[in-house]
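Observations on the three-dimensional arrangement
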Amino acid sequence: MDREAAKGILEGILFAAGDSVEFKDLSKVLEISEEELLSLVEEMKQEYNSQNRGIMISRVGERIRLTTKAEVYPYIEKLLKPQNRNQLSKAALETLAIIMFKQPVTKAEIESIRGVNVEKTLNSLMERNLICEVGRLDAPGRPILYGTTQECLEYFGLSSIEELADIKFDE
Amino acid sequence: MDREAAKGILEGILFAAGDSVEFKDLSKVLEISEEELLSLVEEMKQEYNSQNRGIMISRVGERIRLTTKAEVYPYIEKLLKPQNRNQLSKAALETLAIIMFKQPVTKAEIESIRGVNVEKTLNSLMERNLICEVGRLDAPGRPILYGTTQECLEYFGLSSIEELADIKFDE
Amino acid sequence: MALNVKLEAFEGPLDLLLHLIEKNQINIYDIPISELTDQYLSYLEGLDELDIDMASEFLLMAATLLSIKSRMLLPKERTEDAREEICTALDKEDPRMELVEKLIEYKRFKMIAEVLKEKEEGQSKIFKRRPEDLPFLYEGGISISEVDLDDLISIFARIIKKGAVEEGQSSRTILKDPLPLRIRIRHVYKTILKRKKMGFREFFKENFSKLEIIMTFLAILELIKLNRIKVYQEQSFGEITVTLKEVS
């Protein structure tokens, strides 16, 4: 299959799927290596950059998805009146940031970093499926270990958590 | 707004809508005449014809929509095919059950309950003469109302819709 | 000192400390601990009331600050042996060190949280597409030949149940279940025990409410699952018969 045809199929699959699709499934179906797949995605990224396109392709974790571009938002808002999602609180965002970089991590560890009780925050993050239990620490009381979900990457549109690691901060 | 930007916005809106959108709504949001809109759509049609595109734009009555190109279906099938038949018929039956017990019901209502695009499923159910159009809702866009056919009721051992009346779940 | 900021504006004692450090343009690696402690304490005093949960966290930090402050004030330990003195001095960390490390680590996550906030904002402006339903892809994909009304009802019952949960959440109405399923199951089972075999529709009396009908359906489904009854249909469109399952 030539590259142009493969890109067309990729677009069609992602369009029909609606949700993000795993690399490995796409490469299996297209019968190409994951490397080739990623190079196709890079090419598509460039093409979607063109002004006459209203959608874009992006990587979230080990998955790829199609979404609308942010600049179309004002028009979508006018026509489709999307419902606003509840935004996360500052406490939730701080807790998530810690879990992202320290996972797997216990509640006690998070609390020692934030200096406050995080029980309620953890519950609401679990309810929103942004974090999950990933196991138990082999220590007295066998405390729960928390980690972030795929949903979490999608929620923030992160290709990976490492993307955040470069953040510069000056004291 | 230049034509290229307008085409991008059009693509984004149709993508997000997931469904066909009326000319008049599109021309209002884009602040262009319906003629201009149609000429943009013609141009887009040409562009989507290119081999590296997996989606296409088409006109249905007074509406426009984006859909997957037919040549992509074999790949979608390979990728998204549910593990077993059971799962497959369950998806279709959910739609049928909703129509049976909520009739008359619009596509939008069914989709909001099931969380997926049911257009094609509705078509299949219509082809099999299990459901039919029973009218139009008196609301913007006058959406089609669906109900089960007499044949369908009989198949399930019901003599008439009235037999369903008591278990119909209206909120 | 003007205390025009409420405690709730801070995500905890560390957040408050960072605020004070920033406001006073303090070098985080060389904190004037006594000054900072005073400010922190007067900040707490300025609050009319303190949420008891939050209070303990803020007070714990106050205690930590006071302890650091007192350790800073203590005269350096004197020992006879000069060599030993040097070693002790090397061993002895700056009492502020632990707090500084904590503040720096917390600050890092606070900044990541701010980036996440921006990302969240950005994502709220883009949309995915609703997935396509799949059955259309398969020839004869929609098959109802192996399905009867029971199946359809149980499918719908599941949907209703899901919807009811969501509705309950938004309307905050709590209704006591007037007809527990357990009781309905017992009732249906008693009826079929007595009659051995009956038509499906006979279970539903004309004056049944929606809820009673649904509960009865569910009861029948439950009894099938429990292997107590058998439900069958001789022919398409025919009457559905319910019989007692023979226990062997």
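Presented here is a report on the structure given in the accompanying data block. (Residues numbered from 1 in each chain as written. Chains lettered and ligands numbered in written order. Predicted model: local features only at pLDDT ≥ 70, side-chain atom pairs only at ≥ 80, totals over all residues. Heavy atoms only, no water.)

Let's shift gears to the overall build of chain C. Helix and strand counts for chain C come out as 8 helices and 3 strands. Ordering the α and β elements of chain C from the N terminus gives α-α-α-α-α-α-α-β-α-β-β. (Helix = DSSP H or I, 4+ residues; strand = E, 2+ residues; numbered from the N terminus.)

Okay, the overall build of chain A next. Within chain A, the regular secondary structure consists of 9 helices and 6 strands. Counting the 171 residues in chain A, one finds 48% classified as buried. Accessible surface, chain A as shown: approximately 8,200 Å² in total, 47% of it carbon and sulfur. (Buried < 20%, exposed > 50% of the residue type's maximum accessible area, 1.4 Å probe, protein only. Areas by Shrake-Rupley, 256 points an atom, 1.4 Å probe, with all protein chains shown as cover.)

What follows concerns the interface of chain A and chain B. Facing the 33 residues of chain A at the interface are 33 residues of chain B. Both sides together, the interface formed by chain A and chain B hides about 2,900 Å², and carbon and sulfur atoms give 69% of it. Applying the counting rule to chain A against chain B returns 3 salt bridges. For the salt bridge of A:Glu11 with B:Arg53, the shortest nitrogen-to-oxygen distance reads 2.7 Å. (Contact = heavy atoms within 4.5 Å. Buried area = accessible area lost by both parts, 1.4 Å probe. Salt bridge = Lys/Arg side-chain N within 4 Å of Asp/Glu carboxyl O.)

This paragraph deals with the sheet that holds strand 2 (residues 55–60) of chain B. All names here are of chain B. One open sheet holds the 3 strands; their spatial order is 1-3-2, and the pairing between them is antiparallel. With one partner strand each, in any of the chains shown, strand 1 (21–22) and strand 2 form the two edges of the open sheet. Contacting strand 2 and strand 3 (63–68), helix 3 (residues 34–48) runs over the sheet at an angle of about 145° to strand 2. (Pairing = 2+ DSSP bridges. Axes fitted to C-alpha atoms, helices over the stretch in contact; angles between N-to-C directions.)

Attention now moves to helix 1 (residues 3–17) of chain B. Residues and elements named next belong to chain B. Counted at 1.5 Å a residue, the expected span for helix 1 with its 15 residues is 21 Å, and the 21 Å between its end C-alpha atoms agrees. The element helix 1 is extensively covered by neighbouring structure, given that 12 of its 15 residues are classed as buried. Here helix 1 has its buried residues at Ala5, Ala6, Lys7, Gly8, Ile9, Leu10, Glu11, Gly12, Ile13, Leu14, Phe15 and Ala16. Near the N-terminus of helix 1, the side chain that reaches the backbone nitrogen of Glu4, with its oxygen 2.9 Å away, is that of Asp2. Just past helix 1, the residue Gly18 takes up positive phi, approximately 70°. (Expected span 1.5 Å × (residues − 1). Polar contact = N/O pair within 3.5 Å; in protein donor to acceptor, adjacent residues only side chain to side chain.)

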